[in-house]
Amino acid sequence: MDDKLALYIHIPFCLRRCNYCSFVSHDGRQADIPAYVQALKHEIEINASGQQVGSIYFGGGTPSLLSVGQLGDLLKTIHYRFEVDALAEVTMEANPGTVDGAYLSTVRTLGVNRISIGVQSLDDKELALLGRIHTSEEAKDVVELARNAGFDNINLDLIYGVPGRTTDQWKRMLDEIANLHPQHLSLYALTLEGNELLSLSIEAGQVEAIDLDKTADQYELAEDMLKIRGYSHYEISNWALEGYQCKHNMVYWQGTPYLGIGVAAHSYISGRRFANTSGLDSYLAASKDGGLPVRGMEEEIGWETALAEAVILGLRMTRGVNSGDIKSRFSVDLLDRYGSQVKELTGLGLLESDKGSIKLTSRGRLLGNEVFWRFLP
Ligand code: SF4
């Protein structure tokens, strides 16, 4: 297993808050971006001591609200303070409506070699319902602009289970998406926690509720259609053409170390998990005082939890969890330790065993949480 550090940088700014958003991000605070970039540089300098870095990921929020100067400044600091692999995967999330061709070309020249575009839907009515700032044409244009700028590793984010979407609409949308020839696709079910604008509209009866059966049907349709188009379904929410699995996200699922920089960023280093404050003001204040951003949560991961997490995260991957890997990492036999869970879940049609590995079935991928809690200590 590769133990190089994965570096995540959180950019918590957006032009406008989407109606379904529950991420840590602020609209109307762009004036704070210069101070925030300084604070990020400060945190990088405190945390770095020349560790090897295998991937860098600018996530958000909307990282494409950074100017090319600010992005270049951050990358320079990272390269100065860490030993970044020559072949490191460097991803930036970009939202349509915030980038043009010149911006993307400069970003590519600065060393970003993977771009993740928040398309979410190719239906303008749905985009309006979701509160996105762009149209479907603008989203498609960004894919073209990114390709022309030299990006040959493009991810598109899409949402399924949008209220009112029919199977036919979703089928057409998936065809259209595949015709854009992205190397990678991340598909997420629309999930609401209750306090988003869209939740309130549903509660008020202005928008129809999310239909879980339709959501499941759309997921299964995506599995079938993307397979035909040559995408391998390598993780519950992720599909890729051969050779384009996201290296950075694999780190989360394989339990290797990652360092999160910025507001609400999480880290996992030497068996210890910690998170930064999720408040933008407290983050900026801590940096101004010269300290580390307040740690919101610190946790020592014991053997029992580490084993359970290895199984749960491993099951997210389509290849599943290999008993040999578990044996070499934890000196325990997977089936001795979890025999009753495996038997029960296999009986329910959620899990299957194959050549020394356990993996989710297609139904298990739909009902992942039903499976995962059974492995918790
Ligand atoms: S772009 Fe993403 S982070 Fe920003 S408001 Fe929309 S969903 Fe939230």
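All values reported here derive from a predicted model rather than from experimental measurement. (Residues numbered from 1 in each chain as written. Predicted model: local features only at pLDDT ≥ 70, side-chain atom pairs only at ≥ 80, totals over all residues. Heavy atoms only, no water.)

Chemist: Provide a residue-level description of the packing of aromatic side chains, including the pertinent values.
Modeler: Within this structure, the stated rule accounts for 11 aromatic pairs. Geometrically, the ring pair formed by tyrosine 160 and tyrosine 219 is tilted, given 5.6 Å between the ring centres and 40° between the ring planes. Taken together, the positions of tyrosine 160 in strand S7 (residues 154–160) and tyrosine 219 in helix H8 (residues 212–228) put the pair 59 residues apart, joining distant regions of the chain. The two residues tyrosine 160 and tyrosine 219 agree in class, both being buried. Overall, tyrosine 219 belongs to the buried group, its relative accessible area being 2%. (Phe/Tyr/Trp six-rings, centres within 6.5 Å; stacked < 30°, edge-to-face > 60°. Helix = DSSP H or I, 4+ residues; strand = E, 2+ residues; numbered from the N terminus. Buried < 20%, exposed > 50% of the residue type's maximum accessible area, 1.4 Å probe, protein only.)

Chemist: Could you give me a rundown of the domain arrangement of the protein, with the residues and numbers involved?
Modeler: Frequently, the measure chosen for interface size is the accessible area that the parts lose on association. Along its sequence, the protein is organised into domain 1 (5–253) and domain 2 (320–366). Domain 1 and domain 2 are separated by 31 Å when their C-alpha centres are compared. Between domain 1 and domain 2, the contact holds 6 residues from the first and 4 residues from the second. Together, the buried faces of domain 1 and domain 2 total about 440 Å²; carbon and sulfur atoms form 62% of this surface. The largest per-residue losses of area from domain 1 upon contact with domain 2 belong to Tyr219, Glu223 and Ile236, which jointly make up 67% of the total buried on that side. Two residues, glutamate 223 and arginine 365, come together in a salt bridge whose shortest N-O distance is 2.9 Å. Put simply, domain 1 and domain 2 have 2 residue pairs in polar contact (both at pLDDT 80 or more) between them. Here the side of domain 1 that touches domain 2 gets 4 residues from one element, more than from any other, and that element is H8. (Domains from an automatic or database assignment. Contact = heavy atoms within 4.5 Å. Buried area = accessible area lost by both parts, 1.4 Å probe. Salt bridge = Lys/Arg side-chain N within 4 Å of Asp/Glu carboxyl O. Polar contact = N/O pair within 3.5 Å; in protein donor to acceptor, adjacent residues only side chain to side chain.)

Chemist: Can you break down the site of the ligand residue by residue, with the values?
Modeler: Around the ligand sit Cys14, Arg16, Arg17, Cys18, Tyr20, Cys21, Phe23, Gly61, Asn95 and Arg132, and those are all the residues in its vicinity. Along the lines of polarity and charge, the residues of the shell around the ligand split into 5 nonpolar, 2 polar and 3 charged. (Near = heavy atom within 4 Å. Nonpolar A, V, L, I, M, F, W, Y, C, P; charged D, E, K, R; others polar.)

Chemist: Describe the sheet that holds strand S16 (residues 351–354), listing the residues and the values that go with them.
Modeler: What holds strands together in a sheet is hydrogen bonding between their backbones, with the strands either parallel or antiparallel. Pairing is antiparallel across the open sheet formed by 3 strands, whose spatial order is S15-S17-S16. Edge positions in the open sheet fall to strand S15 (321–322) and S16, since each of these has one partner strand only. Sheet topology places S16 next to strand S17 (residues 357–360); 4 bridges connect them, and they run antiparallel. The residue of S17 that forms the bridge with glutamate 352 is lysine 359. Against the sheet, helix H13 (residues 334–347) engages S15, S16 and S17, with an angle of about 130° to S16. (Pairing = 2+ DSSP bridges. Axes fitted to C-alpha atoms, helices over the stretch in contact; angles between N-to-C directions.)

Chemist: Account for the nonpolar core, naming residues and giving values.
Modeler: Counting 94 residues, the largest nonpolar core has Phe82 and Leu315 as its most contacted members. Per-element tally for this core: the top contributor is helix H11 (residues 303–316), with 7 residues. Taken together, domain 1 (5–253) and domain 2 (320–366) each give at least three residues to this core, which thus spans both. When sequence neighbours within four positions are dropped, the list of residues in contact with phenylalanine 82 reads Leu5, Leu7, Ile44, Ala48, Gly50, Gln51, Val53 and Leu259. If you look at the next biggest cluster of nonpolar residues, it comprises 10 residues, including Cys21, Leu130, Ile159 and Ile202. (Core = buried A, V, L, I, M, F, W, Y, C linked by side-chain atoms within 4.5 Å.)

Chemist: Could you give an account of the environment of tyrosine 219, naming the residues involved and the relevant values?
Modeler: Separated by 59 residues in sequence, tyrosine 219 and tyrosine 160 have C-alpha atoms that sit 7.2 Å apart. Residues contacting tyrosine 219, with those up to four places away along its chain left out, are Tyr160, His233, Ile236, Trp239, Arg365 and Leu366.

Chemist: I'd love a proper account of the pairing of strand S12 (residues 266–269), names of residues and values included.
Modeler: The sheet contact formed by S12 and strand S13 (residues 272–276) spans 4 bridges and is antiparallel. Across the sheet, histidine 266 pairs through a bridge with alanine 275, a residue of S13. From the end of S12 to the start of S13, which pair antiparallel, there are 2 residues, and serine 270 there has a positive phi angle of about 50°.

Chemist: Account for the packing of helix H1 (residues 33–47) against helix H2 (residues 68–81), with residues named and values stated.
Modeler: Interaxial distance between H1 and H2 falls to 10 Å at its minimum, and their mutual angle equals 5°. With respect to each other, H1 and H2 are oriented roughly parallel. Of the residues in H2, those in contact with Ile33, Pro34, Val37, Gln38, Leu40, Lys41, Ile44 and Glu45 of H1 are Gln70, Asp73, Leu74, Thr77, Ile78 and Arg81. A per-class count over the contact of H1 with H2 returns 7 nonpolar, 3 polar and 4 charged. (Parallel < 35°, antiparallel > 145°, perpendicular 65-115°, else oblique.)

Chemist: A description of a negative patch on the surface should follow, citing residues and the corresponding values.
Modeler: Side chains of Glu208, Asp211, Asp213, Asp217, Glu220 and Asp224 sit close together on the surface and give a patch of like negative charge. Relative to the elements of secondary structure, aspartate 211 occurs in the loop between helix H7 (197–203) and H8. (Patch = residues over 30% accessible without salt bridge, like charges linked within 9 Å, V, L, I, M, F, W, Y side chains within 5 Å. Areas by Shrake-Rupley, 256 points an atom, 1.4 Å probe, with all protein chains shown as cover. Lys, Arg positive; Asp, Glu negative; His and termini not counted. Charge placed at Lys NZ, Arg CZ, Asp CG, Glu CD.)

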